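Each chain is listed here by its residues.
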Amino acid sequence: MQSIISLPVRLQRLNPRRLVSLMGWILCGIAFLLVAIPLLDILYVIIKDGLAAFSVDLFTQVTNGISGGLLNAITGTLVLTAGALIIGTPIGVAAGVYLSEFGHGGFSKIVRFLGDVLTGVPSIVLGYFSYVTMVVTLGWQFSVLAGTITLAMMIVPYIARFTELSLLQVRHELREAGYALGTSEIRVVARIVFPIAWPGVLTGILLSMAISVGETAPLIYTAGWSNYLWNGHLIREPIGYLTYVIWSFINQPFESAHALAFAAAFLVIVAVLLINTGARLLLKRPRNF
Amino acid sequence: MKISIFRLVLLCLTSLIPVALLAILIFLTHYSWSAILFNGVHFLLGKTWSLGNLYANPVMVHGLSVPVGANYGILVFIMGTLVSSLIALLLAVPVSLGVAIFLAEGVPPGSRPVLSLIVELLAGVPSVVYGLWGFAVLIPFVAHHLAPDLAHLLGFIPFFAGPVGSGYGLLSSSLVLALMVVPVITATVSEALQGISREAKEAAYALGAMRFEVVWKAMLPMIRTSLIGAIILGLGRALGETMAVLMLSGGALNYLPNNIYSPISTMASFIASQLDSALGDPTGMAVRSLAEIALVLFLIAVIVNVIARLLTGGFGRAVHN
């Protein structure tokens, strides 16, 4: 009742400044809805159509033309993602450690800046670079190795930056205490800094994992596509992956192909959202230091 | 001080980052060198992309073997890239500003994490999933509702006049690009807004400004540089976007868009779609010309990103939201 009675009073106080202010807030709210509604619709459509296409065959059969299952693509995405992390994590973490622990000079400034620039290079350019160098010149053809190295090039700057930022949050006194006891650099990093900073490092690795699972463009010309399960060869053997199914099968004029595309999109988006959410929760975890 | 092996190993691995960038530049230039010689400036200004007659014997031009009638001009793709990115920015910038203000100042701090999660999730949706959603939802919506309505309402402006086409084209591509760019701009802007000191805000309140006036008239001018940097960062993202545009652009070849519903191709989507046909060229000139497009796109992306990073003051802000 209170609010109804006070409404005329409030309306009276609506001078032009108030009105503009109110309009501003309303527009900001609308802007938020313009972003939130498409996201919710994307999730709704992919989950609805993805679940409708679900069957046991997805996980037990390989793709057969435009039907069958997704076993080859699921395992392929796992192989490519694991490969990208195996190559990218040591390099990224090492670069992050270097930049945070020893990165005071001009070289580190340049590396930081170029790392930023590398994240801005379109993924298709990375893919074509790998095509020109590894697939053609080195003769690897479409292969697991060419695909994973390309993905690794994408994720290294992310892992490096997350590692650097989380290591920088560790208090300097702790390192000094270690050095004062005569501890070597490697032990200070491994035994003092990392035990405190690991959640941030892991967040970077998890976000990179999500990027790897969701990428398509850098893989088209490097990993190729295969209807069969991976046979363990690193080169001269193409491999399937889920995002290829989404892109390629939705263009086919068959129901079965569309169903596979939506099922693949469902798997990709669930994986990406779970990894992303996990990574964010990890970052917001309370810390002792 | 003696440099330890540990430090040396880290240094070597760290140098891989600049080496990677340099390698992209060198190898793309090297591979496309004969295409650069053959195409000349015409590459950037020509409107026709034609592989030539792949079945006739190749001819020699300036000492280079090329198919008869081969002509590689990428103006159509450069225009497609620029126009779609600019329209995407026109849509995304006001929306991003609104979202950033809404999240930074408009909602109670308690509900901020949940609401900003929505924007963060939007950034995590893979490009190809945007493409799939565009195919299933956006294209029909644009073809049956948005495009006819726009043509009806704004048809007096030449760029908005029909024919409205099939839904595949500039409008749909720009809409999806806008959606993908919003989280990039929003993250950088809200980071900058949250970095404004309490005293500066209080000073504005003390002058009698209302909450929205504080944001609009005092805080936004303070983050001007970051805002411009954020927009350019968004531009960089839109320029290089491949999969979603590939699935929604209609894949125009050899003609410039004449209205907002026209099919387009961007440099990135064209590279992704053309390798198969380029491989049919026995002289290899088509594949090398695609490498030249990749090189041009690389250079544009590097320039755009360098400007953006200089303005926003580093990568930490953009990623570590």
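What this report covers is the structure whose coordinates are included nearby. This one's a predicted model, so the numbers in the text were calculated from it and none came from an experiment. (Residues numbered from 1 in each chain as written. Chains lettered and ligands numbered in written order. Predicted model: local features only at pLDDT ≥ 70, side-chain atom pairs only at ≥ 80, totals over all residues. Heavy atoms only, no water.)

### Focus: the overall build of chain A
- Across its full length, chain A holds 12 helices and 2 strands.
- Secondary structure elements in chain A, listed N-terminal to C-terminal, are α-α-α-β-β-α-α-α-α-α-α-α-α-α.
- Principal-axis analysis of the C-alpha atoms places the extent of chain A at approximately 80 × 70 × 35 Å.
- Buried positions account for 54% of the 289 residues belonging to chain A.
- Across chain A, contacts joining residues at least 24 apart in sequence account for 75% of those joining residues at least 6 apart.
- Counting every atom, chain A has about 13,100 Å² of accessible surface; 68% of that belongs to carbon and sulfur.
- Between the mean site of the 17 positive side-chain charges and the mean site of the 12 negative ones, chain A shows a separation of 15 Å. (Helix = DSSP H or I, 4+ residues; strand = E, 2+ residues; numbered from the N terminus. Buried < 20%, exposed > 50% of the residue type's maximum accessible area, 1.4 Å probe, protein only. Contact = heavy atoms within 4.5 Å. Areas by Shrake-Rupley, 256 points an atom, 1.4 Å probe, with all protein chains shown as cover. Lys, Arg positive; Asp, Glu negative; His and termini not counted. Charge placed at Lys NZ, Arg CZ, Asp CG, Glu CD.)

### Considering the overall build of chain B
- Of regular secondary structure, chain B possesses 13 helices and 4 strands.
- Projected onto its principal axes, the C-alpha positions of chain B cover 80 × 75 × 30 Å.
- Sorting the 321 residues of chain B into buried and exposed places 55% on the buried side.
- At a minimum sequence separation of 6, the contacts of chain B that also span at least 24 residues come to 79%.
- Carbon and sulfur atoms form 70% of the exposed surface of chain B, whose accessible area is close to 13,300 Å².
- In chain B, which carries 13 positive and 11 negative side-chain charges, the distance between the mean positions of the two groups comes to 10 Å.

### Concerning empty space enclosed by the protein
Residues and elements named next belong to chain A.
- A complete count under the given rule lists 3 cavities of 30 Å³ or more for this structure.
- Contributing elements (two or more residues each) for the lining of the largest cavity: α5 (106-120) and α7 (144-168).
- If you tally residues by element for the lining of the largest cavity, the top one is α5, at 4 residues.
- Among the residues making up the lining of the largest cavity, the classes are represented as 6 nonpolar, 1 polar and 3 charged. (1 Å grid on protein atoms, 1.4 Å probe; cavity = no way out; pocket = protein on both sides within 12 Å on 5 of 7 lines; lining within 4 Å. Points joined across faces, edges and corners; volume = space filled by probe spheres on them. Nonpolar A, V, L, I, M, F, W, Y, C, P; charged D, E, K, R; others polar.)

### So, helix α8 (residues 211-222) of chain B
- Relative to the 16 Å expected for 12 residues at 1.5 Å per residue, α8(B) spans 16 Å between its end C-alpha atoms, a close match to the ideal helical length.
- Those residues of α8(B) that sit buried are B:F212, B:E213, B:V214, B:V215, B:A218, B:M219 and B:L220.
- As for α8(B), its buried residues are in contact with α2 (16-52) of chain A together with α3 (75-106), α6 (170-194), α7 (198-206) and α9 (224-240) of chain B. (Expected span 1.5 Å × (residues − 1).)

### A short note on the packing of α5(A) against helix α1 (residues 5-39) of chain B
- Running from amino to carboxyl end, α5(A) crosses α1(B) at an angle of 50°, the nearest separation of the two axes being 10 Å. Considered as vectors, α5(A) and α1(B) are oriented oblique to each other. Between α5(A) and α1(B) the crossing geometry is left-handed. Where α5(A) abuts α1(B), its residues A:F107, A:V111, A:L114, A:G115, A:V117 and A:L118 lie against B:L11, B:T14, B:S15, B:I17, B:P18, B:A20, B:L21 and B:I24.
- Across the contact of α5(A) with α1(B), the residue classes tally to 11 nonpolar, 3 polar and no charged. (Axes fitted to C-alpha atoms, helices over the stretch in contact; angles between N-to-C directions. Parallel < 35°, antiparallel > 145°, perpendicular 65-115°, else oblique. Left-handed = near helix turned anticlockwise from the far one by under 90°.)

### Re the nonpolar core
- Counting 202 residues, the largest nonpolar core has A:L70, A:Y128, B:W49 and B:L193 as the members making the most contacts within it.
- Looking at this core element by element, the count peaks at 16 residues for α3(B). (Core = buried A, V, L, I, M, F, W, Y, C linked by side-chain atoms within 4.5 Å.)

### Focus: the interface of chain A and chain B
- Taken together, the contact between chain A and chain B spans 79 residues of the former and 83 residues of the latter.
- If you sort the residues of chain A by the area they bury against chain B, A:W25, A:F32 and A:Y128 come out on top, with a joint share of 10%.
- On inspection of chain A and its partner chain B, the count reaches 3 salt bridges.
- Our count for the contact surface shared by chain A and chain B stands at 13 residue pairs in polar contact (both at pLDDT 80 or more).
- Residue contributions to the side of chain A that touches chain B peak at 18 residues, all from α2(A).
- Looking at side-chain class alone, the side of chain A that touches chain B contains 59 nonpolar, 12 polar and 8 charged residues. (Buried area = accessible area lost by both parts, 1.4 Å probe. Salt bridge = Lys/Arg side-chain N within 4 Å of Asp/Glu carboxyl O. Polar contact = N/O pair within 3.5 Å; in protein donor to acceptor, adjacent residues only side chain to side chain.)

### Side note on the side chain of A:E215
- Checked against the element boundaries, A:E215 lands in the loop between α9 (185-214) and α10 (217-220).
- Here A:E215 occupies a buried position and makes no salt bridge, while the nearest side chain of opposite charge, B:R237, is found at 7.0 Å.
- Apart from the residues within four sequence positions on either side, A:E215 is in contact with A:S123, A:L151, A:M154 and A:T243.

### A closer look at the pattern of salt bridges
Residues and elements named next belong to chain A.
- If you walk through the whole model with that rule in mind, you get 13 salt bridges over all chains.
- Of the charged contacts, one joins D49 and K48 as a salt bridge, the two residues approaching to 3.4 Å between their closest N and O atoms.
- Classification of D49 by relative accessible area gives partly exposed; the value is 25%.
- Under the relative-accessibility criterion, K48 is labelled partly exposed at 43%.
- Put simply, R112, D116, R161 and E164 are held in one network by salt bridges that share partners.

### Brief notes about unusual backbone geometry
All names here are of chain A.
- In the Ramachandran plot, Q141 falls in the positive-phi region, its phi being about 55° despite a non-glycine side chain.
- Looking at the element boundaries, Q141 is found in the loop between α6 (123-137) and α7.
- Since its relative accessible area comes to 42%, Q141 is described here as partly exposed.
- Positive phi, normally seen in glycine, also occurs at R236, with a value near 60°.
- Among the structural elements, R236 can be located in the loop between α10 and α11 (242-249).

### Things to note about a nonpolar patch on the surface
- Residues A:L22, A:I26, A:L27, A:I30 and A:L34 make up a contiguous nonpolar surface patch of about 470 Å² in total accessible area.
- Note on placement: A:I30 falls in helix α2. (Patch = residues over 30% accessible without salt bridge, like charges linked within 9 Å, V, L, I, M, F, W, Y side chains within 5 Å.)

### Here we look at the environment of B:S277
- Assignment of secondary structure puts B:S277 in helix α11 (residues 267-278).
- Put simply, B:S277 and B:V287 are 10 residues apart on the chain and 9.0 Å apart in space, counted from C-alpha to C-alpha.

### What about the environment of A:G50?
All names here are of chain A.
- Examined against the element boundaries, G50 turns out to sit in helix α2.
- Between the C-alpha atom of G50 and that of I220, which follows or precedes it by 170 residues, the distance is 23 Å.
- Apart from the residues lying within four places of it in its own chain, the contact partners of G50 are V45, F262, A263 and F266.

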